[in-house]
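If you want the building blocks of each chain, they are given just below.
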Amino acid sequence: MLFALLALLVTAILLNLCARIIFSYIKKKPFPKKLLIGTLSSVILVSLIYLYDSYFFTFNAIDRENIQFGPGPVTSPTEEYTANAYYEPYGGAAGGVNVWVEIKNNNEKNKAKTIYYGDAKSNFSMEWLDEDTLYILNDEPDFPNSNRSIKLEIGKEIYHENGLACKSLLMKDQYETCYQK
C-alpha cells in the first residue's frame, strides 16, 4: 500500500515536470530551474523515507501501549524459553488485530525477542514441539487461504507477514531464515 502511494506520488510529480518542460520548449520560455530543484528534492526525500522504512525495520514500531495479552506464557520442555503472544488492535472500528509472539530466554533477564508478527485469526495457539521448536497456529477455519500457521526454530527463524523483517538490514544478523506470507 505504501509502495503504491509512493509510486503514484512520484509518477504525478514526474508527469508535472515533463509537462512543464514540454510547455517551456513549445513557448520558447526558459525552464523554471527552481521547479526542477524542488521537484527533484521532493522525489529524493520521498524515496529516502521509503528506503528507510523498508530496509531499516525493527519491531520497535509495535504499539505496545494498547496491547492485549494473548495466549501464554507457554514454557518450553526444558524451561529455557517462554513464549508470550500479544494482540495489537489497529484501524479503529473497521480495523483488525495483529498478533506477535515474543520469546524470552529464561537464562537471560529481560531479553525478549519477537519471532512472529502477523494478522490475528480466530484460531490462535502456541505449542512447543521440542526444546527449540515452537508451533504457532494462526488460522481462520472458514477461510482456507487465511492460514498463517508456522513451525519456527528459536534463534534461527522468524516470521513477518509483510516481509519487512526479511528485508531489514538491521535484523539480518538476528536470524538465519525469515518467512513471509
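Our structure's up above, just so we're on the same page.
Please read these numbers as outputs of a predicted model, since none were measured by experiment.

(A) Layout of the sheet that holds strand 7 (residues 133-139). What the three strands build is an open sheet, ordered 6-7-8; its pairing is antiparallel. Each having just a single partner strand, strand 6 (123-130) and strand 8 (150-153) make up the two edges of the open sheet. On average, each strand axis in the sheet is inclined to that of its neighbour by 20 degrees, with strand direction left out of account.

(B) Molecular detail of the side chain of lysine 121. You can see lysine 121 is positioned in the loop between strand 5 (112-119) and strand 6. The exposure class of lysine 121 is buried, given its relative accessible area of 15%. Among the polar contacts listed, one links the side chain of lysine 121 to the side chain of aspartate 119, at a separation of 3.0 Å. Excluding residues that lie within four positions of it along the chain, lysine 121 makes contacts with Asn138, Asp139, Glu140, Ser146 and Arg148.

(C) Molecular detail of the environment of tyrosine 90. Tracing the chain through its elements places tyrosine 90 in strand 3 (residues 81-90). Accessibility expressed as a relative area gives 38% for tyrosine 90, which makes it partly exposed. Separated by 27 residues in the primary sequence, tyrosine 90 and aspartate 63 have C-alpha atoms spaced 9.0 Å apart. Residues contacting tyrosine 90, with those up to four places away along its chain left out, are Gly95, Gly96, Val97, Asn98 and Asp119.

Rules and cut-offs
Residues numbered from 1 in each chain as written. Predicted model: local features only at pLDDT ≥ 70, side-chain atom pairs only at ≥ 80, totals over all residues. Heavy atoms only, no water. Pairing = 2+ DSSP bridges. Helix = DSSP H or I, 4+ residues; strand = E, 2+ residues; numbered from the N terminus. Axes fitted to C-alpha atoms, helices over the stretch in contact; angles between N-to-C directions. Buried < 20%, exposed > 50% of the residue type's maximum accessible area, 1.4 Å probe, protein only. Polar contact = N/O pair within 3.5 Å; in protein donor to acceptor, adjacent residues only side chain to side chain. Contact = heavy atoms within 4.5 Å.

So, to be careful, I would describe these as geometric facts and stop short of saying anything about function.
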